[in-house]
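These are the residues of each chain, in order.
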Amino acid sequence: MPDARLIAQIITLTDLPGVAEKVDAVREACTRLRFHEALRRRIPEAAAESRVRGAAASAELGGARLPIDTVRELMSGARQWPEHPDPGVADVRAAVQATAESERIVGLVRSAPLQALARLHVAGFGQVLDASVLGRPRVGDETCGEFADAGPAPGAEIVAARLAGLPDLVGTAASGQVPGLVVAALVHAEIVAVRPFVYGNGIVARAIERALVQATGLDPTGVCVPEMGHLSQRTHVYAGALAGYTHGSVDGVALWLRHAADAMLAGVAEGVRICDGVRAGRLLR
C-alpha cells in the first residue's frame, strides 16, 4: 500500500505555484499523442525513433554530441561503435545503451525501482567503468564530481538513506492521486541530488524518468521524448532547475517541477513530429 503521508506530501508539492496547471497540460498533451493516427499500427517504429532522439539528447545534456542520423545508425547496428572511443563517444554509447535498457525495465521500474536503477547503470556503463563500481551505490569515501552546480555529492550514508525511500516514492503512483509526471520528475531529481553512482548519474536519471513516464501510464506508447524536452530548454536551464531542487527550498522544488512539465510538453511535441514522420514514411531531422 502506498504511504498515505508521503502521498499527502507529494500532493502538497503538486499544489505549488504553477505546477498543477502544467501537470494538467501535460496529461492532456499525452492523451492527444496517444491517439495519433500513426500509433494505431506503428507504435514500435515510433517508440524506437523516440529512443534514438532521447539517447542523443541525453548524451548532449551531459556534454557529448553526435548527429541524430549517426546515433540512429549506431542504435540499429547499421554502424559499428569505434573499438577505442574517445570519452565523448563513450558517453554517447552509454546514453544509447541506457536508453535502450529503459524499454526493458518498464515492467520492473514500479515494483523494483532500485533493481531497475542498477540495470540502467550496468547497461550504460558496463564498457566504461570498473566492474567493482557498476550498478551499486557509492560506499565509504567514494565520491562523484557530476552536477557541480547542485553542490557536493552527499556521503555514502546519505545516499543509502535516500535511495531506501525511492520505492515508496515510486509506489505513490499506484494511489491514483499522484500524477505520473510528478513521480517521474521527482525520481529524476532525487538521482541527481544524491548521485548514487561514481559516474553516469545524469544518463541514468534521464533513462529512469523515461521508463517511469511510460510505466505510470502518462505516455504508455513510449513515443514522448522527455530528454529532448529538457535539452530544448538549454542545458544550463536544466542544470539550474535541478540545482534548485537539490538545494531543497520550496521555490527550488517548484522550479524543477515546472521545468519537468515544460520538458514533457516539448517532449510530447517531439513525439508528435515523430508520429507525423512515421505516417508520412520519412523521419524528420
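For clarity, every value in this text was computed on a predicted model and none was experimentally measured. Numbering of residues begins from 1 in every chain and follows the order in which that chain's sequence is written. Local features in this predicted model are restricted to residues of pLDDT 70 or higher, and side-chain atom pairs are both shown and tallied only at a pLDDT of 80 or more, whereas totals for entire chains, interfaces and linings draw on every residue. The basis for every side-chain value is the complete set of heavy atoms in the structure, and neither hydrogens nor water enter the calculation.

Draft legend 1. Structural detail: the pattern of salt bridges. The working definition used for a salt bridge is a side-chain nitrogen of Lys or Arg within 4 Å of a carboxyl oxygen of Asp or Glu. A complete count under the given rule lists 18 salt bridges for this structure. Across the pair E190 and R162 runs a salt bridge whose closest N-O atoms are separated by 2.6 Å. Taken together, the positions of E190 in helix α9 (residues 180-194) and R162 in helix α7 (residues 156-164) put the pair 28 residues apart, joining distant regions of the chain. Here the salt bridges share partners, and the residues they tie into one network are E49, R53, D69, R72, E270 and R273. Secondary structure elements are taken from DSSP: a helix is a run of H or I of four residues or more, a strand is a run of E of two residues or more, and numbering for both begins at the N terminus.

Draft legend 2. How the structure looks around the packing of helix α3 (residues 43-61) against helix α13 (residues 250-280). To define axes, lines are fitted to C-alpha atoms, for helices over the stretch in contact only, and angles between the resulting N-to-C directions are given on a 0 to 180 degree scale. In contact at an axis separation of 10 Å, α3 and α13 are set at 130° when each is read in the N-to-C sense. In terms of their interaxial angle, α3 and α13 are classed as oblique. Crossing of α3 against α13: the hand is right-handed. On α13, the residues touching E45, A46, E49, S50 and R53 of α3 are E270, R273, I274 and V278. Here the contact of α3 with α13 is composed, by residue class, of three nonpolar, one polar and five charged. In what follows, roughly perpendicular refers to angles from 65 to 115 degrees, roughly parallel to angles under 35, roughly antiparallel to angles over 145, and oblique to any angle outside these ranges. Each crossing gets its handedness from the near helix: less than a right angle anticlockwise from the far helix is left-handed, clockwise is right-handed. Residues count as neighbours in contact if any of their non-hydrogen atoms are within 4.5 Å of one another. Amino acids are sorted into nonpolar (Ala, Val, Leu, Ile, Met, Phe, Trp, Tyr, Cys and Pro), charged (Asp, Glu, Lys and Arg) and polar (every other residue, Gly among them).

Draft legend 3. Layout of helix α5 (residues 87-104). Multiply 1.5 Å by the residue count of a helix minus one, and that product is the helix's expected span. With 18 residues, α5 ought to run about 26 Å at 1.5 Å a step, and its terminal C-alpha atoms sit 26 Å apart, in line with that. In terms of burial, α5 is a largely internal element, 13 of the 18 residues being buried. Any pair of N or O atoms that falls within 3.5 Å is considered a polar contact. Within protein, one atom must be able to donate a hydrogen and the other to accept it, and sequence-neighbouring residues count only if both atoms are side-chain atoms. Between a side-chain oxygen at the N-terminus of α5 and the backbone nitrogen of G88 the separation is 3.0 Å; the capping residue is D86. Whether a residue is buried, partly exposed or exposed follows from its accessible area with a 1.4 Å probe, protein chains only, as a fraction of its type maximum: under 20%, in between, or over 50%, in that order.

Geometric values such as these leave the question of function open.
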